[in-house]
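What follows is the residue order along each chain.
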Amino acid sequence: MSLSQSMRESPTSLNSIEPLENVCKQNVNQSHKSKYRNFEYEVVKDQVFNTYRLMHTYQTVEFVKKKMSRWTPCSRAEMTVLEALQTLDHLVDDSDPDVDFPNSFHAYQTAEGLRRMYPNLDWLHLVGLLHDIGKILIIWGEPQWCVVGDTYPVGCQFQDSIVFRDTTFTDNLDLKDPRYSSLYGIYEPNCGLNKVLMTWGHDEYLYNVLKTNGCKLPEEGLYIIRYHSFYPWHTAGDYMHLCNSKDLKMLPWIKEFNKFDLYTKSKILPDVQELQPYYQQLIDKYCPGRLRW
């Protein structure tokens, strides 16, 4: 398939998508990237540190399994994608040192950044809009520390690239369990991320919502949603020993998406009412109707 063909067509399967290196001709402006994800103790907000402290204390193998059992059946509510997104109009992510405005605005900022750079990849625009909607769990009573923030595997050795690794894991019960203390822990080498238990959060929840409802996003889009918060992997390069060839094939898409997730954040907020008709068309195409959440 030629590049022009891939840009005209909306992919719905892995084989129909042009390789990322063929479509990634430009980059989002990263000239001020040192201002983002600044977790230095002297400048980070107390709430950011405390959110990670609680996450790193209580996110264990047992905890993750309980949350998966509770939420992956998607039996909490039925609503449309836009209705779910609108619940985030008053939600500010306590783990994010870069923003102090509601998460719904960040969704449109990310989506519009991708739309400007890749105008013909409409599924990618929608992924930008959707990627954080799983934070609706907070609206339903879950504490932020088990919904937001960077994700990482449980059931194996915690890597040094995890945010605040040296100060926040002291009371995590899995550190005292010899099954989880080695590099591979309970996993086989190169088993694939699909077989790895990640800390519970909005990524895994939304991925399960989309799969449960049969949404038609391509596999690249689902991978982005499921692992966009896995910074120790896609940014620091850790946990490669758990990845299989499919994970490595998907990694460039997640790394590219991450630029827009981070560097489109701005105090200039988008006009949501003006943008909604375009994104409603994409929702109707890929995730129509009322979904189970």
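Once a new chain begins, its residue numbering starts again from 1 and follows that chain's sequence as written. Selection of residues for local features in this predicted model requires a pLDDT of at least 70, selection of side-chain atom pairs for listing and counting requires 80 or more, and totals for whole chains, interfaces and linings are taken over all residues. With hydrogens and water set aside, each side-chain value is computed from the structure's full complement of heavy atoms.

## Here we look at the overall build of the chain
Point 1. In DSSP terms, a helix is any run of H or I states spanning at least four residues, a strand is any run of E spanning at least two, and both are numbered starting from the N terminus. Across its full length, the chain holds 13 helices and two strands.
Point 2. In this description, contact between two residues means that some pair of their heavy atoms is separated by no more than 4.5 Å. Considering only contacts within the chain whose residues lie at least 6 apart along the sequence, 80% involve residues at least 24 apart.

## What about unusual backbone geometry?
Point 1. Here the phi dihedral of Cys-74 falls at roughly 55°; this positive angle occurs in a residue that is not glycine.
Point 2. Position of Cys-74 relative to the elements: it lies in the loop between helix H4 (61-71) and strand S1 (78-79).
Point 3. Positive phi outside glycine occurs at Phe-164, with the angle close to 60°.
Point 4. Mapping Phe-164 onto the fold places it in the loop between helix H8 (136-139) and helix H9 (202-212).
Point 5. Using a relative accessible area of 7% as the deciding quantity, one classes Phe-164 as buried. Residue burial is assigned from relative accessible area. The probe radius is 1.4 Å, only protein chains are included, and a residue is buried under 20% of its type maximum, exposed over 50%, and partly exposed in between.

## Thoughts on the packing of aromatic side chains
Both the distance between ring centres and the angle between the ring planes are used here to describe each pair of aromatic rings.
Point 1. For Phe, Tyr and Trp, rings pair up if their centres lie within 6.5 Å, where Trp contributes its six-membered ring, and each pair is then called stacked (planes under 30 degrees apart), edge-to-face (over 60) or tilted (otherwise). If you walk through the whole model with that rule in mind, you get 18 aromatic pairs.
Point 2. Both rings, one in Phe-63 and one in Trp-145, keep their centres 5.4 Å apart while their planes meet at 35°; by these two values the pair is tilted. Of this pair, Phe-63 sits in helix H4 while Trp-145 sits in the loop between H8 and H9; the two residues are 82 residues apart in sequence, bridging distant segments of the chain. Each of the two residues, Phe-63 as well as Trp-145, counts as buried.
Point 3. On the numbers, 6.0 Å between centres and 75° between planes, the contact of Trp-71 with Tyr-205 is edge-to-face. Taken together, the positions of Trp-71 in helix H4 and Tyr-205 in helix H9 put the pair 134 residues apart, joining distant regions of the chain. By the burial criterion, Trp-71 is buried, and Tyr-205 matches it.
Point 4. Above the face of the Trp-71 ring, Arg-70 is positioned so that its terminal group lies 4.0 Å from the ring centre.
Point 5. For a ring to carry a charge above it, either NZ of a lysine or CZ of an arginine must fall within 6 Å of the ring centroid while also lying within 35 degrees of the normal to the ring plane. Lying over the aromatic face of Phe-169, Arg-165 brings its terminal NZ or CZ to 4.9 Å of the ring centre.

## A few points about the pattern of salt bridges
Point 1. Should a side-chain nitrogen of Lys or Arg be within 4 Å of a carboxyl oxygen of Asp or Glu, the pair is scored as a salt bridge. In total, this model carries ten salt bridges according to the counting rule given.
Point 2. Close ionic contact of Glu-112 with Arg-115 constitutes a salt bridge, the shortest N to O distance being 3.0 Å. Here Arg-115 and Glu-112 lie together in helix H6 (residues 103-117), a separation of three residues that amounts to about one turn.
Point 3. Here Arg-115 falls in the partly exposed class, since its relative accessible area comes to 27%.
Point 4. Close ionic contact of Glu-256 with Lys-259 constitutes a salt bridge, the shortest N to O distance being 2.8 Å.

## Things to note about the nonpolar core
Point 1. In terms of nonpolar packing, the biggest core is built from 86 residues, with Leu-130, Leu-217 and Trp-293 touching the most fellow members.
Point 2. Each residue touching Leu-130, except ones within four places of it in the same chain, is listed here: Val-81, Leu-206, Leu-210, Leu-217, Ile-225 and Cys-287. Take the buried Ala, Val, Leu, Ile, Met, Phe, Trp, Tyr and Cys residues and link them wherever side-chain atoms come within 4.5 Å; each set so joined is a nonpolar core.

## What about the state of the cysteines?
Point 1. Two cysteine sulfurs form what is called a disulfide whenever their separation falls within 2.5 Å. Inspection of every chain in the model, using the stated rule, returns zero disulfides.
Point 2. Not engaged in a disulfide, the cysteine Cys-74 finds its nearest cysteine sulfur in Cys-215; these two sulfurs lie 10.0 Å apart.

## So, the packing of H9 against helix H10 (residues 219-227)
Point 1. Following both chains from N to C, one finds H9 and H10 inclined at 150°, their axes separated by 7 Å at the closest point. The orientation of H9 with respect to H10, classified from their angle, is roughly antiparallel. Of the residues in H10, those touching H9 at Asp-203, Glu-204, Leu-206, Tyr-207, Leu-210 and Lys-211 are Leu-222, Ile-225, Arg-226 and Tyr-227. Lines are fitted to the C-alpha atoms to define the axes, a helix being fitted only along its stretch in contact, and any angle between axes, read from their N-to-C directions, falls within 0 to 180 degrees. Should an angle lie under 35 degrees it is considered roughly parallel, over 145 roughly antiparallel, and from 65 to 115 roughly perpendicular; all remaining angles are considered oblique.

## Overview of the confidence of the model for the chain
Point 1. You can read pLDDT as the predictor saying how much it trusts each residue, on a scale of 0 to 100. On average, residues of the chain score 86 in pLDDT, and 81% of them reach the 70 mark or higher.
Point 2. When the criterion is pLDDT under 50, residues 1-16 qualifies, and its contacts beyond four places in sequence or with other chains add up to 31 contacts.
Point 3. The low-confidence segment residues 21-26, where pLDDT is below 50, has 14 contacts with residues more than four positions distant or belonging to other chains.

## Structural notes on H9
Point 1. Across the eleven residues that make up H9, a large majority, nine, are buried.
Point 2. Listed in full, the buried residues belonging to H9 are His-202, Asp-203, Glu-204, Tyr-205, Leu-206, Tyr-207, Asn-208, Val-209 and Leu-210.

## Overview of the environment of Tyr-52
Point 1. One can find Tyr-52 in helix H3 (residues 46-58).
Point 2. On the accessibility criterion, Tyr-52 (1% relative accessible area) is buried.

## Topic: H4
Point 1. Along H4, the residues classified as buried are Val-61, Phe-63, Val-64, Lys-67 and Trp-71. In a view along the axis of H4, the buried residues occupy a sector of 160°, so they form one face of it. Facing away from the buried surface of H4 by more than 90 degrees, the exposed residues are Glu-62, Lys-65, Lys-66 and Ser-69.
Point 2. If you follow the buried residues of H4, they end up packed against H3, H8 and H9. Regarding the arc, it is the one traced by the directions from the helix axis to the C-beta atoms.

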